[in-house]
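Structural features, examined
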Amino acid sequence: MSPCKLQMEQRKGRRLILFPFPLQGHINPMLELANILHFKGFSITIIQTNFNSLNPSTHPQFTFHSISDDLSESEAAEDDLLLLLSHLNTKCSEPFRECLATLLSSLTEEPVACLICDPLFDFTQSVAESLKLPWILLRTSGASSTAVYSAFPLLWEKGYIPKQDSRLEETVTELSPVKVKDLPMIHSSDPERFFKLVRSITYETKDSYGYIFNTFEDLEQDALATIRKKFHIPVFPIGPFHKCVPATTSANSLLSQDRSCISWLNTQAPKSVIYVSFGSIAAINEAQFLEIGWGLANSKQSFLWVVRPGLVQGSEWLEPLPSGFLESLNGMGHIVKWAPQKEVLAHQAVGVFWTHTGWNSTLEGICEGVPMICIPFFADQMVNARYVSDVWKIGLQLEVGIKREEIERAIRRLMMEKEGEEIRDRVSKLKDMANLCLKQGGTSYQSLDDLINHILSLESLITKLTSQ
Ligand code: UDP
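Residues numbered from 1 in each chain as written. Predicted model: local features only at pLDDT ≥ 70, side-chain atom pairs only at ≥ 80, totals over all residues. Heavy atoms only, no water.

Per an unreviewed UniProt entry, the protein chain goes by Putative cytokinin 7-beta-glucosyltransferase and derives from Rosa chinensis. UniProt, in the comment section headed Sequence similarities (unreviewed entry), describes the protein chain in these words: "Belongs to the UDP-glycosyltransferase family." (UniProt positions renumbered as here; feature names shortened; annotations may be inferred.)

See the structure below:
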């Protein structure tokens, strides 16, 4: 079944301002959304930070404005994700306010209909409010993990968090089949910072003018219902985004994609390759790196492995692997620093996706009907992995961490056993559902129409706000 691509619609004479959070997993969906809304007739302005900025010439259809984030070299290289978020929030607030105010006073020919922003920036609400501009949030995680975050007050009350080692395997009755160990956390030198972030996202959401999700009703119906009930704001599940718009190939990529992997995949048999990638942030230690290498090698299956510089703590790239490791595999392994992932997953040679279950990767895997091996590291990845293994039943989770025997066993179960065939059938059905929901009459198609009408209806609100 072919994916549904949007047709370019007549210009609407309205501009939208989008403000992506500058991490790969947040940039991709925001830029895909920008393309969708551009196809729907809106003019698009992107405000971006200097940190992790995109080259505007790769998106000539949008207008770009950069704000200075003034991050020092050490702040920009911060390993503590929460600290990085905190630096960005502290340093971008004023430059963003100035940039938005200037844009609003200068963009008079095409009125600005609203701001679309990422809740990881905690100042956008107060800035938008002070400038009397409605704002809509794009949540780049899935609805299921968002529903878990929104249950944090209850989880505190019931004593599930902070997590206790003795309860990790316990199922959270209120969120079954999520276990205590799956509750989404980010390790930090200052754990309180994380709870503050979750609280601030919850408050920001309640006051926003809408919530856009890169998901589809059939996949996360219950979680979407929970979110609608909890937040009382319009919710728009219009995904999967990347299937609506023409592929932008490398345009959103912060690292340069190594296309040698596509030529290599072309030489492999259908569904024979394990594609291994842990996204743009997760890091592992040397011992885990070696377990992965040996687990893959011992499986005797072909693999394509993304080893991002920085993936292995304390190493530049592949140095921890024993010399001659790759050569000894006789062409069965190929390693790159960064891959054109969507194209890889869509390649007929790929049979299994070993993923960290970042939301984009999870959805991309589903859209290509590829069974998954999951090794979540932090935050929403934990919940996504539980959904992949226990709710949608489209993959296996490495429950005891990264151990070569476990890896080999998971690969065997997926590639050679009946269980693997059943998993492949289920994910293939989800793939069909993902395609269907984007077609005319499908839930995401309808929800996108609702979003457009909602955005256009905000105009009367702006008139009201500005006349007050
Ligand atoms: N990605 C890619 N090439 C790679 C690895 C990842 O293009 O070699 C893309 C992937 O397609 C996805 C994004 O990077 O869109 C990662 O987002 P995700 O939410 O999966 O994980 P995060 O990086 O935020 O942990």
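A few points about the layout of surface pockets
Taken as a whole, the largest pocket holds about 1,600 Å³ of empty space. Together, 50 residues line the largest pocket, and Ile281, Ala282, Ala283, Phe377 and Phe378 are the ones closest to its centre. Secondary structure elements with two or more residues in the lining of the largest pocket: α3 (81-106) and α7 (191-207). Residue contributions to the lining of the largest pocket peak at three residues, all from α7. Here the lining of the largest pocket is built from residues that sort into 30 nonpolar, twelve polar and eight charged. (1 Å grid on protein atoms, 1.4 Å probe; cavity = no way out; pocket = protein on both sides within 12 Å on 5 of 7 lines; lining within 4 Å. Points joined across faces, edges and corners; volume = space filled by probe spheres on them. Helix = DSSP H or I, 4+ residues; strand = E, 2+ residues; numbered from the N terminus. Nonpolar A, V, L, I, M, F, W, Y, C, P; charged D, E, K, R; others polar.)

With respect to the environment of Asn214
Looking at the element boundaries, Asn214 is found in the loop between β6 (211-213) and α8 (217-231). Counting along the chain gives 68 residues from Asn214 to Thr146, while the straight-line C-alpha distance between them is 12 Å. When near neighbours in sequence (up to four residues on either side) are disregarded, Asn214 contacts Pro29, Arg139, Gly239, Pro240, Phe241, Trp359, Asn360 and Leu363. At 2.9 Å, the side chain of Asn214 and the backbone nitrogen of Phe241 are in polar contact. (Contact = heavy atoms within 4.5 Å. Polar contact = N/O pair within 3.5 Å; in protein donor to acceptor, adjacent residues only side chain to side chain.)

Brief notes about the environment of Arg97
Secondary-structure assignment places Arg97 in helix α3. Along the backbone, Arg97 and Ala128 are 31 residues apart, and their C-alpha atoms lie at a distance of 8.2 Å. In contact with Arg97, other than residues within four places in its own chain, are Ser126, Val127, Ser130 and Leu131. Polar contacts involving the side chain of Arg97 include one to the side chain of Ser130, which spans 3.1 Å.

Brief notes about the packing of aromatic side chains
One pass over the structure, following the stated rule, counts 23 aromatic pairs. Pairwise contacts between aromatic rings join Phe19, Phe21, Phe96, Phe121 and Phe123 into one cluster. (Phe/Tyr/Trp six-rings, centres within 6.5 Å; stacked < 30°, edge-to-face > 60°.)

A short note on empty space enclosed by the protein
Unoccupied space between atoms shows up once a probe the size of one water molecule is rolled over them. On inspection of all chains with the given rule, the structure shows two cavities of 30 Å³ or more. Roughly 70 Å³ of internal volume is contained in the largest cavity. Every residue along the wall of the largest cavity is listed here: Pro20, Pro22, Ile27, Leu31, Ile46, Gln48, Thr49, Phe51, Asn52, Ser53, Leu54 and Phe64. Counting residues per element, the ones that place at least two in the lining of the largest cavity are α1 (24-39) and β2 (43-49). Among the elements that make up the lining of the largest cavity, the one with the highest residue count is β2 (three residues). For the lining of the largest cavity, a count of residues per class yields eight nonpolar, four polar and no charged.

As for the pattern of salt bridges
Enumeration according to the criterion identifies 26 salt bridges in this entry. Residues Arg167 and Glu170 are paired through a salt bridge, measuring 2.9 Å at the closest nitrogen-oxygen approach. With a closest N to O distance of 3.9 Å, Glu364 and Lys342 form a salt bridge. Here Lys342 lies in helix α11 (residues 341-346) and Glu364 lies in helix α12 (residues 359-367), a separation of 22 residues in the sequence. Under the relative-accessibility criterion, Glu364 is labelled buried at 7%. Put simply, Glu169, Lys179, Lys181, Asp182, Arg386, Asp390 and Glu399 are held in one network by salt bridges that share partners. (Salt bridge = Lys/Arg side-chain N within 4 Å of Asp/Glu carboxyl O. Buried < 20%, exposed > 50% of the residue type's maximum accessible area, 1.4 Å probe, protein only.)

Quick notes on unusual backbone geometry
With an omega dihedral of -5°, the bond running from Ile161 to Pro162 counts as a cis peptide bond. Tracing the backbone shows Pro162 in the loop between α6 (152-157) and α7. We note that Thr357 has phi near 55°; this positive angle belongs to a residue other than glycine. Of note, Thr357 is situated in the loop between β11 (350-355) and α12. By relative accessible area, which is 0% here, Thr357 ends up buried. Phi is positive for Lys393, which is not a glycine, with a value near 55°. Along the chain, Lys393 turns up in the loop between α13 (380-391) and β13 (395-397).

A word on the pairing of strand β9 (residues 302-306)
A large share of β9 lies buried, amounting to five of its five residues. Residue alternation in β9 divides its side chains into two sets, Ser302, Leu304 and Val306 and Phe303 and Trp305, and both sets are buried. Of the pairings in the sheet, the one linking strand β8 (residues 273-277) to β9 comprises four bridges and is parallel in character. Across the sheet, residue Tyr275 finds its bridge partner in β9, namely Leu304. With respect to chirality, the unit in which β8 leads through helix α10 (residues 286-299) into the neighbouring parallel β9 is right-handed. One ladder, built from four bridges, connects β9 with strand β10 (residues 333-336); its direction is parallel. (Pairing = 2+ DSSP bridges. Right-handed = clockwise from strand over helix to strand, strands pointing away.)

Thoughts on the pairing of strand β4 (residues 112-117)
The element β4 is largely enclosed, with a buried count of six among its six residues. Strand direction decides the pairing type here: β4 and strand β5 (residues 135-139), joined by three bridges, are parallel. Following the sheet pairing, Leu115 is matched in β5 by Trp135.

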